[in-house]
Amino acid sequence: MSVASQLKSLLAHYRPDSAHSAELTRLAKLASPWLDQLAQTLGEIDSDVFDLNEIQLSELALAMTEMADDLHADSGLWWSLESCNTTLFGTPLPGLFRPADSSLIRFDARRFQFFLEGVWRHFQPDAIVSPRHLGFLRISQAAETFFTSRLSDRVGSSSVASLLDSSHERGWELKQKLVWLGTRSFLLRFDYEAYVHRETGKRNDSPDIAITDDFLAQECTGWSGLGALELLAERLAFQGAERADLLSWQARHAAFYRVDAVAVKGGVLMTMDLLNLIGERPYHVRIEVPRANAPFQVGEMVFGSLVPWRGEWYWSGTQKRWPQVPADFAPIRSGFFQTNAQIAYRYCPERAAKARQFGGEQHADFVRFHGTDLVVFPDGLAVAAAEQRRMRQYNKTRAAALGLKRGETAASPRCDENGPRMPIPKEVLDCRQGIAVFSQPEEGVEIMREFDVLRAALRSEKTPLTEEQAEVLQGFIESGSISPAFVRRVIGANGDSGLTSLFYVPAGDGIALDHLLRRHKGAYYRPRQPHIALVDE
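Throughout this document, residue positions are counted from 1 along each chain, in the order its sequence is written. Given that this is a predicted model, residues contribute local features only at a pLDDT of at least 70 and side-chain atom pairs are listed and counted only at 80 or more, while totals for whole chains, interfaces and linings are drawn from all residues. Side-chain descriptors were evaluated using all non-hydrogen atoms of the structure, hydrogens and water having been removed beforehand.

**What to know about the overall build of the protein**
We count a stretch as a helix when DSSP gives it H or I for four or more residues in a row; a strand needs E for two or more, and each element gets its number in order from the N terminus. Across its full length, the protein holds 22 helices and 10 strands. For a compact globule the rule gives 2.2 Å times the number of residues to the power 0.38, and the radius of gyration it is set against comes from C-alpha atoms. Compactness check: the protein gives a C-alpha radius of gyration of 26 Å against a globular reference of 24 Å for 537 residues, within 12% of the reference. Projected onto the principal axes, the alpha-carbon positions of the protein cover approximately 85 × 75 × 40 Å. Of the charged side chains in the protein, 60 are positive and 68 negative, and the gap between their average positions amounts to 4 Å. Counting rule for charge: Lys and Arg are taken as positive, Asp and Glu as negative, and neither His nor the chain ends is counted. The location of each charge is read from NZ of Lys, CZ of Arg, CG of Asp or CD of Glu.

What follows is the structure, given as structure tokens:
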């Protein structure tokens, strides 16, 4: 099979199902010579981080070709990313484009440069490469020259534009666009593959519906922390209620539901009326499938997730069914509040408000006790001792405020006789290289071990950092369990010299730092629910 035929086969998988053979052939014929040019350019770059195997080379060449086609056909995917970036950072290409720079042309090298830096960790997972690396610059300049000369004429119809511009009257039509964008587009398919690999431990696996649904709704990507939902909302130019509906899919209403009514017309199940048994609220669900293919019965219990669209709700992902609601459902409901509190808060606003209030009280208590929101301890045992003292004092103060007698406790989030518990992992208790503990109302208490090493890394003027410093600093910046507020608080106290050494962030560059944090901690920039599980009344 020729190279062009192999590329055409790959394109048939990646392009929308409506793509005609002529479109696939045209793109394959464009990608094939670009593959040769890309291989030659990479061979001229004297750096191990630009060594790609044959499969990786084909993947990159094809993605860059599809990006060029998107720009050429005005399909709008790359424009959506730049538009979102402009809203977030005031520039379409943060780190590469400043307002005083010359205007971007269609196949601008800086666009390819931004794309390459954004996807390179897919090909070289252990490499942190500067967006201004000469290797990226050489590839990008070659791409600008190549695609400018090959794509001088306007193209006809694009299957990508046709899909995205088609009707989305029903929620499943909108979901079809979302699935393609998140799993097969040149912009997000590398992130999707990485997510599936993390969740399944396998590459090129066929993930189940639940994993794909989680990626589409929840995952933030290396593209400035944006996910498929934000990019689709921007591409479809949604405003107001439509935009709010689509972005709310980030917080699907997963719960146990009771089927209270179904509406059937001509053998088609049109809608269902459900009661959320956790949040005790009704939902009107649009379904429109043959009755035999959706055998929901009045009175049965269903576990699944719902998302809104244009005044109705739609199933998202898979559902599990039971013949009826168990007579002893109360313990199931109480257990759900304990184990899935953040999900329940999505449709239990009163409970969420109470948890936020308690989080604020806990933060205030932390600051009162320590005199600051950021405390540094020499080791894990010192953390445990201080936490015990704080909890004991908190419990006494709270008991006195409630008028409780000695030995009595009040129902509260994760409380015992010593007060609310902050679990301290063994690896923290065993740490002897400094531990930072940070509190904020929104996220609660966060802990960073090996803080002495982190502090030395941030203050270091040397390049490169030591191996230990680089590992700790990279973990601090890239960990999804450490908030941007924690990072900024530590940087404010210790400087950011190490970020220049490791991540090539210019000292004092607020936009570059914000972009770096959003890339790795995008979930913190979305609406979030309290991390406290309230004891059910």
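Further notes follow.
**Digging into the nonpolar core**
Joining through side-chain atoms within 4.5 Å is the link that ties buried Ala, Val, Leu, Ile, Met, Phe, Trp, Tyr and Cys residues into a set, and such a set is a nonpolar core. Type-normalised accessible area, obtained with a 1.4 Å probe on protein chains alone, sets the label of each residue: buried when under 20%, exposed when over 50%, and partly exposed for intermediate values. Membership of the largest hydrophobic core comes to 71 residues, with the highest contact counts inside it found for Leu60, Trp78, Phe115, Trp120 and Phe147. The element best represented in this core is helix H3 (residues 54-73), accounting for eight residues. Beyond its immediate stretch of four places on either side in the chain, Trp78 contacts Met67, Asp70, Leu71, Leu93, Arg111, Phe114, Phe115, Phe186, Leu187 and Trp223. One finds Ala436, Leu458, Val487 and Leu499 within the second-largest nonpolar core, a separate group that totals 29 residues. Any two residues having at least one pair of non-hydrogen atoms within 4.5 Å are treated as being in contact.

**Points about the packing of aromatic side chains**
Two aromatic rings, drawn from Phe, Tyr or Trp (for Trp, its six-membered ring), form a pair once their centres lie within 6.5 Å of each other, and the interplanar angle then sorts them: stacked below 30 degrees, edge-to-face above 60, tilted otherwise. Scanning the entire structure with this criterion turns up 29 aromatic pairs. An angle of 35 degrees between the planes, with centres 5.4 Å apart, marks the rings of Phe238 and Trp309 as tilted. Here Trp309 lies in strand E4 (residues 301-309) and Phe238 lies in the loop between helix H11 (228-235) and helix H12 (240-247), a separation of 71 residues in the sequence. For the pair Phe238 and Trp309, one class covers both residues: buried. Aromatic rings pair up to connect Phe50, Trp120, Phe123, Phe136 and Phe190 into one cluster.

**Here we look at empty space enclosed by the protein**
Of the grid points, spaced at 1 Å and generated over the protein atoms alone, those admitting a 1.4 Å probe that cannot get out make up cavities, while open sets with protein on both sides within 12 Å along at least five of seven lines make up pockets; any residue with an atom within 4 Å of a point is treated as lining. Grid points are joined across faces, edges and corners, and a volume is the space filled by probe spheres set on the points. Enumeration over the complete set of coordinates arrives at three cavities of 30 Å³ or more. The calculated volume of the largest cavity comes to roughly 50 Å³. Around the largest cavity, the lining residues are Arg15, Glu66, Asp69, Asp70, Ser75, Leu77, Ser158, Val160, Trp180, Ser185 and Phe186. It is H3 that contributes the most residues to the lining of the largest cavity, three residues altogether.

**Re unusual backbone geometry**
In this structure, Pro464 follows Thr463 across a cis peptide bond, with omega equal to 0 degrees. Its location among the elements puts Pro464 in the loop between helix H18 (451-459) and helix H19 (467-478). Its identity is not glycine, yet Ser224 carries a phi of approximately 60 degrees, on the positive side. Inspection of the secondary structure assignment puts Ser224 in the loop between helix H10 (209-218) and H11.

**Digging into helix H9 (residues 189-200)**
How far a helix is expected to stretch is found by multiplying one less than its residue total by 1.5 Å. The end-to-end C-alpha distance of H9 is 16 Å, a good match for the 16 Å that 12 residues give at a rise of 1.5 Å each. The set of residues buried in H9 consists of Arg189, Phe190, Tyr192, Glu193, Tyr195 and Val196. Contacts made by the buried residues of H9 are with helix H1 (3-14), H3, helix H5 (109-123), helix H8 (171-184) and H10. In the segment just after H9, Gly201 is the residue with positive phi, at about 75 degrees.

**Overview of the sheet that holds strand E10 (residues 444-449)**
Overall, antiparallel pairing links the three strands, which are arranged E6-E9-E10 in an open sheet. Two strands in the sheet have a free side with no partner beyond their single neighbour: strand E6 (374-377) and E10. Neighbour-to-neighbour, the strand axes of this sheet turn through a mean angle of 20 degrees, independent of strand direction. Two strands pair when backbone bridges link them, and strand E9 (residues 435-440) and E10 are joined in this way by six bridges, in the antiparallel orientation. Within the sheet, the bridge partner assigned to Ile435 lies in E10 and is Arg449. At least two DSSP bridges between two strands are required for those strands to pair. Here an angle of 0 to 180 degrees is reported between the N-to-C directions of two axes, which are lines fitted to C-alpha atoms, with helices fitted over the stretch in contact.

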